[in-house]
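# Structure at a glance
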Amino acid sequence: MDLSVVIPCFNEERGLKELRDELNAVLPALVGRYEVVLVDDGSTDGTLEEARRLSSLDPRYRYLSLSRNFGKEGAMLAGIREATGDRVLIMDADLQHPAWLIADMLKLLDSGHDQVVARRDRHGEPRVRALLSKLYYIGVNKLADVQLEDGVGDFRVLSRRAVDAMLAMPESNRFSKGLFAWVGFRTATVPYRNVTRKYDRSCFSLGKLVNYGIDGVVSFNSKPLRAAVYLGSLVTLLAFVYAVYVIVCALAGFPGVPGYATLMVGITGFGGMQLLLLGVVGEYVGRIYLESKKRPPYFIKESGGSVMPPAREGS
Ligand code: UDP
Ligand code: MG
């Protein structure tokens, strides 16, 4: 198998056929044998039926259906595990990842790269979101061990050894954007103009994006924990200096000032700081808890399509 295309789908029934047409228009000219693995991530619309239908019509298509909505990370992992190709392409089902870009991506991959990732600009996005993303990436790159690029997402093609590296990482709580960067290998980037979503809205609400953002920071190291220690030490030191100052003032007989403001500032300041630091610690403890349960990141409810190709050698 020359290429596997992995497509996580959550409520994407409306776009799938169009996506297939787009893929059919470009892939046959680019690669010899290819397969498309549709991963239905517990959709509540007709995505599964559509996946079944496409798979019955075209032997190059097959599908997996997860037992519920596990999130894009789980769906991607399921698809990548299932992929048998020498190269694996991951793309969204919502037509925001233009299929015509695949030609350039494969060309770059074949010229000696192990990962080729498409980078979109923020064309057509609300200004606020674009700005927040920018700030986020500046922050993440300061804090985390891996370097993430703005606009770089999950539209990428990997060589077999990069895929195997991804699969070798056992964590079930995955932040793929960071994992892709973490595995290393020679990576190239292909820029493209952002395409706005055609059907429905993004599956990622602001809340989900914020959670995803926190994952990005804390999945990769314990620097925030370290920062919390420094911050805590600094505040304690300042409090100590202030206490000395108050005692000296009292001993020197300066008239006491009603210290309501100071007290309030102190209490709220320290309260906030403690909550913040506890939260940081909690983030890591929570993650340890989740990982320690060693739960599988998804369950497959149904799979189908063309006869499953035999497992790859050595796997
Ligand atoms: N997706 C998924 N599970 C989810 C949410 C999203 O498999 O719980 C899929 C979705 O069907 C799409 C891709 O992930 O193919 C990206 O989702 P979306 O377009 O909503 O994200 P955005 O483009 O806003 O990053
Ligand atoms: Mg999208």
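Residues numbered from 1 in each chain as written. Chains lettered and ligands numbered in written order. Predicted model: local features only at pLDDT ≥ 70, side-chain atom pairs only at ≥ 80, totals over all residues.

### Overview of the overall build of the protein
For the protein, the helix and strand inventory stands at ten helices and eight strands. The C-alpha atoms of the protein give a radius of gyration of 25 Å, which is well past the 20 Å a tight globule of 315 residues would have. Within the span of the protein, comprising 315 residues, buried residues form 31% of the whole. Put simply, of all contacts in the protein between residues at least 6 apart along the chain, 86% involve residues at least 24 apart. (Helix = DSSP H or I, 4+ residues; strand = E, 2+ residues; numbered from the N terminus. Rg over C-alpha atoms; globule rule 2.2 N^0.38 Å. Buried ≥ 20, exposed ≤ 12 C-beta atoms within 10 Å, placed from the backbone. Contact = placed C-beta atoms within 7 Å.)

### Structural notes on the packing of helix 1 (residues 13-30) against helix 2 (residues 47-57)
Angle between the axes and distance between the axes are the two parameters that describe a pair of packed helices. At a minimum axis separation of 8 Å, helix 1 and helix 2 run at an interaxial angle of 25°. Considering their axes alone, helix 1 and helix 2 lie roughly parallel with respect to each other. Crossing handedness for the pair helix 1 and helix 2: right-handed. Listed contacts from helix 2 to Glu13, Leu16 and Arg20 of helix 1 are Thr47, Glu50 and Leu54. (Axes fitted to C-alpha atoms, helices over the stretch in contact; angles between N-to-C directions. Parallel < 35°, antiparallel > 145°, perpendicular 65-115°, else oblique. Left-handed = near helix turned anticlockwise from the far one by under 90°.)

### Examining the UniProt feature "domain: Glycosyltransferase 2-like" (unreviewed entry) in the protein
Here, the residues flagged by UniProt with the feature "domain: Glycosyltransferase 2-like" (unreviewed entry) are residues 4-164. The annotated region residues 4-164 carries 45% helix and 23% strand content, and the separation between its end C-alpha atoms amounts to 14 Å. (UniProt positions renumbered as here; feature names shortened; annotations may be inferred.)

### Side note on the domain arrangement of the protein
Each domain of the protein was delimited in the assignment, giving domain 1 (3-206) and domain 2 (222-293). For domain 1 and domain 2, the distance between their C-alpha centres works out to 43 Å. Taken together, the contact pairs four residues of domain 1 with five residues of domain 2. (Domains from an automatic or database assignment.)

### Quick notes on the nonpolar core
One recurring pattern in soluble globular proteins: nonpolar side chains tend to sit buried together. One finds Val6, Ile7, Leu38 and Val39 to be the most contacted residues of the largest nonpolar core, which totals 51 residues. In this structure Leu38 touches Ile7, Cys9, Ala51, Leu54, Tyr61 and Tyr63, once residues within four positions along its chain are discounted. (Core = buried A, V, L, I, M, F, W, Y, C linked by C-beta atoms within 7 Å.)

### So, the UniProt feature "transmembrane region" (unreviewed entry) in the protein
Taking the numbering used here, the UniProt-annotated feature "transmembrane region" (unreviewed entry) corresponds to residues 229-254 and 260-285. Helix makes up 88% of residues 229-254 and strand 0%, whereas the separation of the span's terminal C-alpha atoms amounts to 35 Å.

### Focus on helix 3 (residues 72-82)
With nine of eleven residues buried, helix 3 lies mostly within the body of the structure. Every buried residue belonging to helix 3 is among Lys72, Glu73, Gly74, Ala75, Met76, Leu77, Ala78, Gly79 and Ile80, and all of these are buried.

### What about the environment of Gln96?
On the secondary structure map, Gln96 appears in the loop between strand 4 (87-90) and helix 4 (101-110). Spatially, the C-alpha atom of Gln96 lies 6.4 Å from that of Thr196, the residues being 100 residues apart in sequence.

### Points about the sheet that holds strand 4
With mixed pairing, the eight strands of this open sheet are ordered in space as 7-5-6-4-1-2-3-8. If you trace the sheet from one side to the other, it starts and ends with strand 7 (187-192) and strand 8 (300-305), each paired once. Strand-to-strand twist across the sheet, computed as the mean angle between neighbouring axes with direction ignored, equals 20°. For strand 1 (residues 3-9) and strand 2 (residues 34-40), the ladder comprises seven bridges, and the chain directions are parallel. The residue bridging Val5 from the neighbouring strand is Val36, located in strand 2. (Pairing = 2+ DSSP bridges.)

### Details of the confidence of the model for the protein
Mean pLDDT over the protein stands at 84; residues scoring 70 or higher make up 94%. Below a pLDDT of 50 lies the segment residues 310-315, which in the model reaches one contact outside its immediate sequence neighbourhood of four places, other chains included. This prediction of the complex comes with two scores: 0.75 for pTM and 0.92 for ipTM. (pLDDT = per-residue confidence, 0-100.)

### Here we look at the pairing of strand 6 (residues 152-159)
Two elements, strand 4 and strand 6, share four bridges in a ladder whose sense is antiparallel. Each bridged residue has a counterpart across the sheet, and for Val88 the counterpart in strand 6 is Leu158. Bridge analysis of strand 5 (residues 115-120) against strand 6 gives four bridges, and the strand direction is antiparallel. Note that in strand 6 the partner of Val117 across the bridge is Arg156.

### Comments concerning the pairing of strand 5
For strand 5, a buried count of five out of six residues is recorded, marking the element as mostly surrounded by other parts of the structure. Inspection of the sheet shows strand 5 paired to strand 7 by six bridges, in the parallel sense. The partner of Val117 across the bridge, within strand 7, is Thr189.

### Some points on unusual backbone geometry
Positive phi, normally seen in glycine, also occurs at Leu95, with a value near 70°. As for its placement among the helices and strands, Leu95 is situated in the loop between strand 4 and helix 4. The phi torsion at Phe185 lies on the positive side, around 70°, for a residue other than glycine. For Phe185, the position within the fold is in the loop between helix 7 (176-183) and strand 7.

### Overview of helix 2
Among the residues of helix 2, those classed as buried are Thr47, Leu48, Glu50, Ala51, Arg52, Leu54 and Ser55. Lining the buried residues of helix 2 we find strand 1, helix 1, strand 2, strand 3 (61-66) and strand 8.

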